[in-house]
Structure formats: structure tokens, C-alpha cells
2 protein chains.
Amino acid sequence: MRLEQLEAFLAVAETGSFQAAARRCGVTQSTVSRQVQSLESELDAVLFHRTTQIKLTVAGDVLLPRARRISQDWQQATNEIADLMAGKQPELCVAAIHSVCAYLLPTVLQQFCQDYPQVQMRVTALGSDRALKVLRDGLVDIVIVMDNPRLTISTDMHVQTLYEEPVEVLMAADHPLTQFEIVPWDALTRYPQVVFKDGYGMQRLVQE
Amino acid sequence: MRLEQLEAFLAVAETGSFQAAARRCGVTQSTVSRQVQSLESELDAVLFHRTTQIKLTVAGDVLLPRARRISQDWQQATNEIADLMAGKQPELCVAAIHSVCAYLLPTVLQQFCQDYPQVQMRVTALGSDRALKVLRDGLVDIVIVMDNPRLTISTDMHVQTLYEEPVEVLMAADHPLTQFEIVPWDALTRYPQVVFKDGYGMQRLVQE
DNA sequence: TTCACTTACGAGACTCGTAACGATC
DNA sequence: GATCGTTACGAGTCTCGTAAGTGAA
């Protein structure tokens, strides 16, 4: 079944004439005629009494309401997706870790708001764990967090790597770790550290 | 939009795999792939994340429920019409004038019930006017009445001539009208007659 | 290498508009 | 004769399965 056949059928049913239907669909009468015929042969049923004035048969009568709903559903789906693509989604909720909110997001958001002025933006700064939870709960549309191997195996969300970032250690000038150009993890574990509290990606990273 | 494209989309969305979808639809994977691509290009939106495991995009998520309903609607329409054609209409209500009920219907009904044993028949004997009224009210599916020119111009019902029937005049052997081979209408009007009461086609015929 | 999706290709089917045809008024 | 639906025809498009290509694990 092709949608145009259904539209042709609807047009004929509603105008009561193949010619008028053809005008409405922007095609030739012969095309409308053939489209309706295709439909009829697919359903194996005559849909119209082709007398002087076109009238629906019983089968046509059965098809009419369903054809209407199918046409509407498709149109609605088309429109919604077109709106989605055009960025007319009414609201976009973003959660991101504090560092991203502070340094990365401002310029991006400015550009985004310029490109899609219709979209209401909502931005929240959250720790990685909490951000993932609200994403899973559907409270936000996207989150920007530190990479976490458990994410990539999760089946119900889509993960995309934005950029790589070196993790740096801040210490006193006479600290023993200054001997390293690149501090190994096991060396790091031998000294007391100041890190984020539980629920933050960095904390999880160091802990592991 | 073609229905098969929508079915392919649904199959992929529900099985999570193009291959499984192809098996379900009874076609090649490449066909499923192309059908989904057609849909995507028509909607101008990507419907699936084609990573290791197939996941719906936001657009795909929007389409899914509508696609389901369209598919169901079409299937239901198909089934209903097929049932209709197979004569599985649960009930057929017929109204006919008394003469037809007495002489014509019995053999026809017997044949019909043999051909379509699933159909519940309801037959009512009514005068022409009353029969037309119950037809218009949707209380019966078809009526068999005497021809009436006002019927053929009526827009909301379909009229089909079944057969022609001579109208005969019954009179005493010594009645003046016996002189005619065919009694003219204006001669008939000059004598008192016994006819049906109001609301019967014959009465209307004579009156006019 | 395997597995899964995409793409290239050629055969066949489909669809369209034009135009001829048929029926009805 | 005018109007309206159907049918024939040829050009162009689409769709399919097969088979080769591509990318990830």
C-alpha cells in the first residue's frame, strides 16, 4: 500500500469525483483512477459505485475512517519529525559536570541559542553520577560527564566522545612526586590527596 | 511512503537488528536497509543509531508509536474488508414488500444461507415507504421495493433494478374495462378501485 | 576473520502523463 | 457534443536480490 493511493481514495471519497480528487492531489485523473484501482485490487474489493455520481461501497465505507486516521497519523509524524529536525523541540535540558559548565558550555550555548532561538534551554551543573541518574530518569535530554567505562556498555543511552583531556596533579614545589614527568597511578596512591567527594567522576577515577 | 517501509522500520525497531527484521519481513537484509533508508530520506531524519547494537534516535522514537498505529489500522481495514468480501458480515437485515417476501425471497434466501452460512439473516415485510424509512435510518441493510422515481435521484442510497413486472387489473367479467387489451391509466381513474392503503408503492403508482 | 550493515549493479516491475476510448447525459 | 472515468502506450523511476564493499569486534 502506498500513501498516495490512500490520499487519492480519500480525495475521491470526499469530493465525490475523480476529477476534483485529481486537482486536489495535483495529478492527472488517470493517475487517480489507477491509484484507486491499485487499492481496490490490493484489497480485492470495489471501493466506489462508478455511476453518474460516485458513491462509496460498503467496503469503501469501512476503509474511509481508517484511511483518514492513517493519513493523519502519517502527517503528524512527518510534522513532528520535521519540527524536531528544525530544532523546534520546545525545551532542551542539559546536565553537565561543573568544569564543563564553567569553561566549555558558555560559548557553545551562546552559539546554540543563536541558531535555535525557539528552544528553551535548561542547564544544570551536577556530579557525573547524579547527572547520569537524572538522564536515566528522563529529567534531562543530554549530559556531559567524564568518561566512564560502565557507560559505553549501557544499552539504553547513546555515548559520544567529545574530547580527551589530561588529568593533572597539583602539588607543592618540594613534593616527592615532582620527580615524575608523568605521575604513575600507583605512585599517586602512596600520598594523601585532596579530591572531589563521592559521586564525582574524578573521585571514581582516582579510586580505581 | 509505502507500508512495507514502515513495516521494515517497525521490525528493525522491535528486533533491534536489520537481519532479524529481514527474516520477519521475508526479504533480504539489503532490502530492509534500503527501505529504512528510503523512509529516512523521505523524513529527512536518521531513525537508528547504527552502532554495534541498533538503537532508535529521537526521531525514530517519535515515529515508532505512529508507525505502529498506522500498521494496525491498515491491517484492521484489510481484515474487515476481507471478512466483508468473504460474507462474514455478522448480520444482514433485509426489508421487502409483501409480494417479494412471499414469492421471490424464499428461494433466494435459501441459496444465500447455503452460500453464506455464517450470516445471520433478518427479513421484514414492509410497505415501500416504511421500508425506505428504515433503510434511511440504518435499521436494515437493503430493501426491495417497487420502483419509485424519487429513489433514483436520492443521493444517499444505491438503487439497482432487479426486474420489470407488468401491473395487472383484476375485474369482473362484465366490467367496462374488459374492452381494453391494455388498460390506460386515465380510463382506470374513472372507476372505483380497491388498492393498498397509504404507504404502499402500488397505491402511490395508481394515485399518480 | 567474522559478523552485520551498506552499496553497486542489472533485471524486472511500477508509475506517471498523454492521448485514445467508452459511456452517460 | 460535452463531460467524466477507463485503458493503452512509452519514458522514466523504483525496487528487488545477488554480490561485493566497509567497518567494528
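Residues numbered from 1 in each chain as written. Chains lettered and ligands numbered in written order. Predicted model: local features only at pLDDT ≥ 70, side-chain atom pairs only at ≥ 80, totals over all residues. Heavy atoms only, no water.

1. A look at the confidence of the model for chain A
Going by this rule: Per-residue confidence from the prediction method is given by pLDDT, with values spanning 0 to 100. Put simply, DSSP marks the helices as runs of H or I at least four residues long and the strands as runs of E at least two long, and each gets a number from the N terminus on.
Here chain A shows a mean pLDDT of 82. Residues at 70 or above account for 82%. At the level of individual helices and strands, chain A shows its lowest average pLDDT in helix α7 (residues 149-152) of chain A, which scores 60, and its highest in helix α1 (residues 3-15) of chain A, which scores 96.

2. Description of the interface of chain A and chain B
Convention followed: In what follows, residue pairs with any heavy atoms lying within 4.5 Å of each other are defined as contacts. Any Lys or Arg side-chain nitrogen located within 4 Å of an Asp or Glu carboxyl oxygen qualifies as a salt bridge. Residues adjacent in sequence count toward polar contacts only when both atoms are side-chain atoms; beyond that, a polar contact is any pair of N or O atoms within 3.5 Å, and within protein one must be able to donate a hydrogen and the other to accept it. In this classification, Asp, Glu, Lys and Arg are treated as charged, Ala, Val, Leu, Ile, Met, Phe, Trp, Tyr, Cys and Pro as nonpolar, and every other residue, Gly included, as polar.
Contacts between chain A and chain B engage 33 residues on the former and 33 residues on the latter. Linking chain A with chain B are 4 salt bridges, by the criterion used here. A salt bridge links Glu80(A) to Arg66(B), with the shortest nitrogen-to-oxygen separation between them at 2.6 Å. At the junction of chain A with chain B, the criterion picks out 6 residue pairs in polar contact (both at pLDDT 80 or more). When contributions to the side of chain A that touches chain B are tallied by element, the ones reaching two or more residues are α1, α3 (29-43) and α4 (58-85) of chain A. The element best represented in the side of chain A that touches chain B is α4(A), accounting for 16 residues. Looking at the side of chain A that touches chain B residue by residue, the classes come out as 17 nonpolar, 8 polar and 8 charged.

3. A word on the side chain of Asp73(B)
Here is the rule: Exposed residues in this analysis have more than 50% of their type's maximum accessible area, buried residues have under 20%, and partly exposed residues fall in between, with area computed by a 1.4 Å probe over protein chains only.
Considering the arrangement of structural elements, one finds Asp73(B) in helix α4 (residues 58-85). For Asp73(B), a relative accessible area of 2% translates into the label buried. With residues up to four places along the chain from it excluded, the contact list for Asp73(B) reads Arg66(A), Arg69(A), Ile70(A) and Asp73(A).

4. Describing the protein's contact with DNA strand D
Short version of the rule: To be near a molecule or strand, a residue needs just one of its heavy atoms within 4 Å of it.
In the vicinity of DNA strand D there are 16 residues, among which Gln19(A), Ser33(A), Arg50(A), Thr31(B) and Arg34(B) approach most closely. Protein-proximal atoms of DNA strand D, defined as those within 4 Å of the protein, fall in sugar or phosphate at a share of 73%. Separating a phosphate oxygen of DNA strand D from a backbone N or O atom of Phe18(A) is a distance of 2.9 Å. For DNA strand D, a base nitrogen lies 3.0 Å from a polar atom in the side chain of Arg34(B). Sorting the residues of the surface near DNA strand D by element identifies α2 (18-25) and α3 of chain A together with α3 (29-43) of chain B as the ones contributing at least two each. In terms of residue count, α3(B) provides more of the surface near DNA strand D than any other element does, 4 residues in total. Classifying every residue of the surface near DNA strand D gives 2 nonpolar, 10 polar and 4 charged.

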